[in-house]
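Close look at the chain arrangement
The lines below spell out each chain.
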Amino acid sequence: MEMDQEDHDQSAKHNRSLLILNCILLTIGNCGGPLIMRLYFIHGGKRVWLSSWLETGGCFIILIPLAAAYFHRRRRRLASARLVQMEPFLFLGSAVIGLATGFDDYLYAYGVARLPVSTSSLIIASQLAFTAGFAFLLVKQRFTSYSVNAVVLLTVGGAVLALHTSGDRPKGESEKDYVVGFLMTVAAAVLYGFILPLVELMYKKAKQRITYSLVLEIQLVMCFFATLFCTVGMLVNKDFKAIPREARKFELGETTYYVVLVLSAIIWQGFFLGAIGVIFCASSLLSGIVIAVLLPVTEILAVIFYKENFQAEKGVSLALSLWGFVSYFYGEIKQSKKIKKERDNKQPTKSSSSTPAREMSHIASP
């Protein structure tokens, strides 16, 4: 029994470490991605399809940890280790979700091209409401009064921005373009709010054990098909031919232009890998919460680096968002304490002979 408990504790510790790692990746991608994308547009970049492509185009760097995971399996299991673990169901599901992600990339890039980072980030915060709704429908996510309160506050916080949509319109941009950018960003929030629970549903429906190395394979397939979707858009829009010309006219210099593109691809990969990694370690709702909770950081960075206006509507929206975050995490802490207390109260009533068997059964099913 002590050995089983030790294994269980070690597994929980490993899961927490993975969760922290993916939260760090998500933080880097969620805060850095919009900023560097906006940098591209501010200094002369105009290619929306190219920006969309960069969001998932760096997926091939995942081959490095995948190769490391494969050689690790080879050392442990010798010739029985498979190079590719993914079965057809997961491949097909990842491909479909990847195409949806590619469309979402375009919607988001279009919005960032026309909105200040602080505004687009606040709109994306409303994604949590859609994530929560779809999580309830698709994976039967359970809600507490605190999580419902958080979702409502975050939704209202995003809606406040619509009260004064043209107040922070960039110079030289028409009101029509601004409104279209606003609506495209809202559409991106809705679609990605659907994608996150869809990934969790795919995990649950898979007829094979989901490991972190398998999550990396899923990420690679999803991003490959998202990139394929955006590549078609780039070909139609003739973006590949325009890249050298745009690089020469870039305000920060030709070399800096290519550095911005490469960094954008790498940073965005952190976002997508972190998002599905958090789903693997916890749930799609928590992934949505982490994305939303990074809003104040992105807001502050946008105001510091790009001198964006921070109007009263943004202040109110930010306050409501922070209130929602606190409400959610307070509810999670209370719920975990309640579950732990109930488990501790039930434990003495169990017979000593049956407890080890149940614990072993739990540990054996990862």
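Given the structure is predicted, the values throughout are model-derived calculations rather than measurements.

1. With respect to the overall build of the chain
Of regular secondary structure, the chain possesses 15 helices and 0 strands. Here the chain holds 366 residues, and 51% of them are scored as buried. Sequence separation of 24 or more characterises 86% of the internal contacts of the chain that already satisfy a separation of 6 or more. Taken as a whole, the chain presents about 18,600 Å² of accessible surface, with 66% of it coming from carbon and sulfur.

2. Focus: helix 13 (residues 295-306)
Along its 12 residues, helix 13 runs 16 Å from first to last C-alpha, staying within 8% of the 16 Å computed at 1.5 Å per residue. Taken residue by residue, helix 13 has Leu 295, Pro 296, Thr 298, Glu 299, Ala 302 and Tyr 306 as its buried positions. Along the axis of helix 13, the buried residues cluster in a sector spanning 165°; they form a single face.

3. Points about helix 2 (residues 48-56)
In terms of residue burial, helix 2 counts as a mostly covered element, since 8 of its 9 residues are buried. Those residues of helix 2 not exposed but buried are Val 48, Trp 49, Leu 50, Ser 51, Ser 52, Leu 54, Glu 55 and Thr 56.

4. A look at unusual backbone geometry
Residue Lys 140 is not a glycine yet carries a positive backbone phi of 55°. With respect to the element layout, Lys 140 can be found in the loop between helix 6 (127-139) and helix 7 (145-160). The exposure class of Lys 140 is exposed, given its relative accessible area of 62%. Positive phi, close to 60°, is recorded for Lys 238, a residue that is not glycine.

5. Here's the deal with the packing of aromatic side chains
Considering all chains together, one arrives at 19 aromatic pairs under this definition. When the ring of Trp 49 is compared with that of Tyr 106, the centres are 4.3 Å apart and the planes differ by 25°; the resulting orientation is stacked. Separated by 57 residues along the polypeptide, Trp 49 in helix 2 and Tyr 106 in helix 4 (residues 88-114) bring together distant segments of the chain. By relative accessible area, which is 17% here, Trp 49 ends up buried. Judged by centre distance (6.4 Å) and plane angle (75°), the ring pair of Phe 103 and Phe 229 falls under edge-to-face. Placement of the pair is Phe 103 in helix 4 and Phe 229 in helix 9 (residues 212-237), with a sequence separation of 126 residues. Given a relative accessible area of 27%, Phe 229 falls into the partly exposed group. Feature note: the residues Tyr 40, Phe 41, Phe 250, Tyr 257 and Tyr 258 constitute an aromatic cluster, connected by ring pairs. The ring centre of Tyr 110 lies 3.9 Å from the NZ or CZ of Arg 114, which sits over that ring.

6. Description of the side chain of Asp 104
Relative to the helices and strands, Asp 104 is located in helix 4. Buried charge without a salt bridge: Asp 104, with Arg 114 as the nearest opposite-charge side chain at an N-O distance of 15 Å. There is a polar contact of 3.5 Å between the side chain of Asp 104 and the backbone nitrogen of Tyr 192. Setting aside chain neighbours within four positions, we find Asp 104 in contact with Ala 188, Leu 191, Tyr 192 and Ile 195.

7. Some points on the confidence of the model for the chain
Should the pLDDT be low somewhere, the predicted coordinates at that spot are not to be read in detail. Per-residue pLDDT for the chain averages 82, and the proportion of residues at 70 or more is 87%. A low-confidence stretch, residues 349-366 stays under pLDDT 50, and its non-local contacts, those more than four residues away or across chains, total 13 contacts.

8. Concerning the side chain of Glu 200
By the secondary structure assignment, Glu 200 is in helix 8 (residues 175-205). Look at Glu 200: it is buried, it has no salt bridge, and the nearest opposite charge is Lys 204 at 4.1 Å. In this structure, Glu 200 is in contact with Val 139, Ile 279, Ser 283 and Ser 284, ignoring residues within four places of it in sequence.

9. Remarks on the packing of helix 3 (residues 63-77) against helix 9
Close contact between helix 3 and helix 9 brings their axes to 10 Å; oriented N to C, the two are set at 145°. By crossing handedness, the relation of helix 3 to helix 9 is classed as left-handed. Residues Leu 63, Pro 65, Leu 66, Ala 69 and Arg 73 of helix 3 lie in contact with helix 9, whose contacting residues are Ser 213, Leu 216, Glu 217 and Leu 220. Per-class residue counts for the contact of helix 3 with helix 9 are 6 nonpolar, 1 polar and 2 charged.

10. Quick look at the pattern of salt bridges
Scanning the model with the defined rule gives 1 salt bridge in all. Across the pair Arg 47 and Asp 239 runs a salt bridge, and its minimum N-O distance is 2.9 Å. Of the two residues, Arg 47 sits in the loop between helix 1 (2-42) and helix 2 while Asp 239 sits in helix 10 (residues 239-249), which places them 192 residues apart along the sequence. Given a relative accessible area of 0%, Asp 239 falls into the buried group.

11. Describing the state of the cysteines
Inspection of the entire model under this criterion finds 0 disulfides. In this structure Cys 59 is not part of a disulfide, and its nearest cysteine sulfur, from Cys 223, lies 5.5 Å away.

12. Details of the packing of helix 4 against helix 9
For the pair helix 4 and helix 9, interaxial distance at closest approach is 7 Å and the crossing angle is 45°. Relative to helix 9, the element helix 4 lies oblique. When the axes of helix 4 and helix 9 are compared, the crossing they make is right-handed. Contacts between helix 4 and helix 9 involve Leu 90, Phe 91, Ser 94, Ala 95, Ile 97, Gly 98, Leu 99, Thr 101, Gly 102, Phe 103 and Asp 105 from the first element and Leu 214, Ile 218, Val 221, Met 222, Phe 225, Ala 226, Phe 229 and Cys 230 from the second. In terms of residue class, the contact of helix 4 with helix 9 is built from 14 nonpolar, 4 polar and 1 charged.

Each value, and the rule that gives it
Residues numbered from 1 in each chain as written. Predicted model: local features only at pLDDT ≥ 70, side-chain atom pairs only at ≥ 80, totals over all residues. Heavy atoms only, no water. Helix = DSSP H or I, 4+ residues; strand = E, 2+ residues; numbered from the N terminus. Buried < 20%, exposed > 50% of the residue type's maximum accessible area, 1.4 Å probe, protein only. Contact = heavy atoms within 4.5 Å. Areas by Shrake-Rupley, 256 points an atom, 1.4 Å probe, with all protein chains shown as cover. Expected span 1.5 Å × (residues − 1). Arc of directions from axis to C-beta. Phe/Tyr/Trp six-rings, centres within 6.5 Å; stacked < 30°, edge-to-face > 60°. Lys NZ or Arg CZ within 6 Å of the ring centre and 35° of its normal. Lys, Arg positive; Asp, Glu negative; His and termini not counted. Salt bridge = Lys/Arg side-chain N within 4 Å of Asp/Glu carboxyl O. Polar contact = N/O pair within 3.5 Å; in protein donor to acceptor, adjacent residues only side chain to side chain. pLDDT = per-residue confidence, 0-100. Axes fitted to C-alpha atoms, helices over the stretch in contact; angles between N-to-C directions. Left-handed = near helix turned anticlockwise from the far one by under 90°. Nonpolar A, V, L, I, M, F, W, Y, C, P; charged D, E, K, R; others polar. Disulfide = S-S within 2.5 Å. Parallel < 35°, antiparallel > 145°, perpendicular 65-115°, else oblique.

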